[in-house]
Amino acid sequence: MTSQRRCLIVDDSKMIRRVAMRILKDMNFNSSEAENGKEALDLCKLDMPEAILLDWRMPIMDGFAFLKALRQLPDGKKPIVIFCTAERSVERITEALQNGADEYIMKPFDSDIIESKFQLAGLI
Amino acid sequence: MAGVLSLNPPYYEALKRLTLELAGVNLGSDHAFLVETRLSALARKEGFESLDSLVNELFGSGDTRLAVQVVSTLLERDSHFNKDPESFAQFSKTILPELYSVRGGGQVRLLSFGCAAGQEAYGMAMAYERLKDQLPGLSVEIIGVDYPSSALDRAKAGRYTHFEVQRGLAARDLIEYFEPAPEPGSSDWIISHPLKDLVTFRDVHLLSSLGSLPKFHGVLFRGALPHYSGPAKLRVLRGLSSLVLPYGYLLLGSNESLKQINFGFDPVDKSKGLYRKRKDVSEDLAPLEEILPLEETPKVKSNGRTTFTKTKRQHNA
C-alpha cells in the first residue's frame, strides 16, 4: 500500500479550500488547510508537508510573506510550493518564481490544471 | 442519456458513417452526447435554427464544405501543451540534436500533422528556443496542418484561454513565450512574436493528397493513429512516409507503433514511437493510388454516405 502524500492548502476562502481538497483527494493527497500565512507557518513548524498550495492575498500574513518565512525555516526548502491566486500579471508570476515558488496557478482552476501543475512540479 | 438527446438515432449513425468515410476515424458508440453538444454549437455559429436544420441541410444538400466542417467539429481534440511528455521528449533529446549532428546547420522543416489548436507545433518552437544555443547555425520552420476548424483558427491566432495555458505548460514557459491579451478584462494569452514567427498553419484534409506540402526533416503525428480505421491508417502513414526526407524522423505517440508495415522507416526507439526514414525506400512503397486514388475528393450524399468524385474529370467535363 502506498502512503498518501501530504499537501497544505492555504487560502482565506473556505470554498476554494474545499474544492482544492476534493481535487487533491482524487489525486491521492492527504490535505490539511490554513486560512492565512501565519496559521500555515505554525502548521509547517509542527509537521512539514510535501506540497503547499498557496493563495497570495490573505489577511494577517499574505502568501508572499509566508513563502519568505517558510524558506528560512529548517526543512523549509523542502516543500514544493505552488501559488494558486487570482493574480495573473507577468510581473506577479515572475516575482513568485524568483522568490521560491515552484509553480503558479491562476484562478479559476479545475482538476486538470491542478493535476498538470503537480505533474510539472514533480509531485506526481 | 438517449432520452435527453434530440438527434434521431439514424442521423447519429449517418454522422458516424460520414466521419469514418470522410476522415477515416471511428466515432465510438458512446459519443452521442459529444455529437449533440458540438454540432448544436456549430449550428448556432452557422446560423441554423436548430441542430435538426443543420443535419437536414447536411444530408439534404450534400454540401461538401458543410460536411468537412461537421466532421472537423466532431474530431476536434482536447489537446494541451506537452501532451504525452514521454514521447515529446524525443523531439529535444533525439530529433533536433541528431538532425543537427548530421546537417551541422541550415534550416530543418518540421510538421505537426493533425495539429488541432497548435499546442504541439508551438511546443516544438519552444523546445527549439530552449536548445538553439547548443545548435548554432540551425534554424527551424514549423508547419501545423489539420482540417479547417475553430481549433485551427485558434492555432493560427496563437491565442489560448487561461485554462489552456495552464494545462501542460510550466509557468516559466508561460511568462517567457506568451503575453497577456491586451483587451481589458480578457484572461487569454497570446504566443509572443519571436516564437510565432517560427510556426505557420495550413488547412489540409489529412486523408487527401499531401502533394501541396513540402518535404520534412521531422513529422510529429502523436495520439491520433489508434482512432483511424485500418484503411485510413494505411493511407495516412503512406502519405506521411512520402513527406519525410531520407534520414528524417517520424514521431508517433509513446504507445503507438507502425506494427507490421514499416513504410520505409526503421525504429529508433520503438517503445517511444520514434522512427527514422531509410535513405531509399522507393522500392518498398506501392503507389498510394492502390489504396485510394489521390485525386478523389469526398462528397457527401443525402443518405449520409460519402462518394468520391474524380476532381480532374470534373474539370475536364
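Nothing here was measured: the structure is a model prediction, and the numbers come from that model.

Cut-offs used in this document
Residues numbered from 1 in each chain as written. Chains lettered and ligands numbered in written order. Predicted model: local features only at pLDDT ≥ 70, side-chain atom pairs only at ≥ 80, totals over all residues. pLDDT = per-residue confidence, 0-100. Contact = placed C-beta atoms within 7 Å. Helix = DSSP H or I, 4+ residues; strand = E, 2+ residues; numbered from the N terminus. Buried ≥ 20, exposed ≤ 12 C-beta atoms within 10 Å, placed from the backbone. Pairing = 2+ DSSP bridges. Axes fitted to C-alpha atoms, helices over the stretch in contact; angles between N-to-C directions. Nonpolar A, V, L, I, M, F, W, Y, C, P; charged D, E, K, R; others polar. Core = buried A, V, L, I, M, F, W, Y, C linked by C-beta atoms within 7 Å. Domains from an automatic or database assignment. Parallel < 35°, antiparallel > 145°, perpendicular 65-115°, else oblique. Left-handed = near helix turned anticlockwise from the far one by under 90°. Arc of directions from axis to C-beta.

What follows covers the confidence of the model for chain B. Residues and elements named next belong to chain B. Summarising the model, chain B shows a mean pLDDT of 85, and 86% of its residues fall at 70 or more. Counting contacts from residues 283-298, a segment whose pLDDT is below 50, to residues more than four positions away or on other chains yields 28 contacts. The low-confidence segment residues 308-317, where pLDDT is below 50, has 12 contacts with residues more than four positions distant or belonging to other chains. Here the predicted complex carries an ipTM of 0.93, next to a pTM of 0.84.

Attention shifts here to the environment of glycine 104 of chain B. Residues and elements named next belong to chain B. By the element assignment, glycine 104 lies in the loop between helix H5 (85-103) and strand S1 (106-113). Assessed through the 11 C-beta atoms surrounding it within 10 Å, glycine 104 is described here as exposed. A C-alpha to C-alpha distance of 44 Å links glycine 104 and threonine 19, two positions 85 residues apart in sequence.

Residues and elements named next belong to chain B. Taken in spatial order, the 7 strands line up as S6-S2-S1-S7-S8-S10-S9 in an open sheet, and their pairing is mixed. Both edges of this open sheet fall to strand S6 (199-203) and strand S9 (265-269), since each of them pairs with a single strand only. Averaged over all pairs of adjacent strands, the angle between their axes in this sheet comes to 25°, without regard to strand direction. Judged from the 3 bridges that link them, S1 and strand S7 (residues 216-220) form a sheet pairing that is parallel. Across the sheet, leucine 110 pairs through a bridge with glycine 218, a residue of S7. Those strands touched by helix H7 (residues 150-157) are strand S2 (138-146) and S6, and its axis lies near 155° from that of S6. Contacting S1, S7, strand S8 (244-251) and S9, helix H10 (residues 230-243) runs over the sheet at an angle of about 135° to S8.

What follows covers the interface of chain A and chain B. Taken together, the 15 residues of chain A in the interface contact 12 residues of chain B. The leading source of residues in the side of chain A that touches chain B is helix H5 (residues 111-120) of chain A, at 5 residues. Considered class by class, the residues forming the side of chain A that touches chain B number 8 nonpolar, 2 polar and 5 charged.

Moving on, we come to the nonpolar core. Leu53, Leu54 and Ile82 of chain A together with Leu250 of chain B are the most contacted members of the largest nonpolar core, which has 120 residues in total. The leading source of residues in this core is helix H6 (residues 119-131) of chain B, at 6 residues. When we break this core down by domain, the ones giving at least three residues each are domain 1 (2-75) and domain 2 (85-157 + 193-277) of chain B.

Attention shifts here to the domain arrangement of chain B. Residue and element names in this part refer to chain B. Splitting chain B by domain gives domain 1 (2-75) and domain 2 (85-157 + 193-277). Of note, the centres of domain 1 and domain 2, computed from C-alpha atoms alone, are 30 Å apart. Every contact between the two is made by 10 residues of domain 1 and, on the other side, 11 residues of domain 2. Of all the secondary structure elements, the ones that give two or more residues to the side of domain 1 that touches domain 2 are helix H1 (9-23) and helix H4 (64-75). Per-element tally for the side of domain 1 that touches domain 2: the top contributor is H4, with 5 residues.

With that out of the way, let us pick up the sheet that holds strand S5 (residues 189-191) of chain B. All names here are of chain B. A sheet is described by the order of its strands in space; here 3 strands give the open sequence S3-S5-S4, paired in antiparallel fashion. Taken across any chain shown, the strands that pair with only one partner, and hence form the sheet edges, are strand S3 (159-160) and strand S4 (178-180). For S4 and S5, the ladder comprises 3 bridges, and the chain directions are antiparallel. Bridging across to S5, glutamate 179 finds its partner in isoleucine 190.

Residues and elements named next belong to chain B. At their nearest, the axes of helix H2 (residues 32-45) and H4 sit 9 Å apart, and the two run at 130° to each other. Put simply, H2 runs oblique to H4. Seen along the crossing, H2 lies across H4 with a hand that is right-handed. Across the interface between the two elements, Val35, Arg38, Leu39 and Leu42 of H2 pack against Gln69, Val70, Thr73 and Leu74 of H4. A class-by-class count of the residues in the contact of H2 with H4 yields 5 nonpolar, 2 polar and 1 charged.

Residues and elements named next belong to chain A. Within the sequence span of helix H2 (residues 37-46), burial applies to Gly37, Ala40 and Cys44. Projected down its long axis, H2 carries its buried residues within an arc of 60°, all on one side. Across from the buried face of H2, at angles greater than 90 degrees, the exposed residues are Asp42 and Leu46. Structurally, H2 contributes buried residues whose contacts are with strand S1 (5-10), strand S2 (29-34) and helix H3 (63-71).

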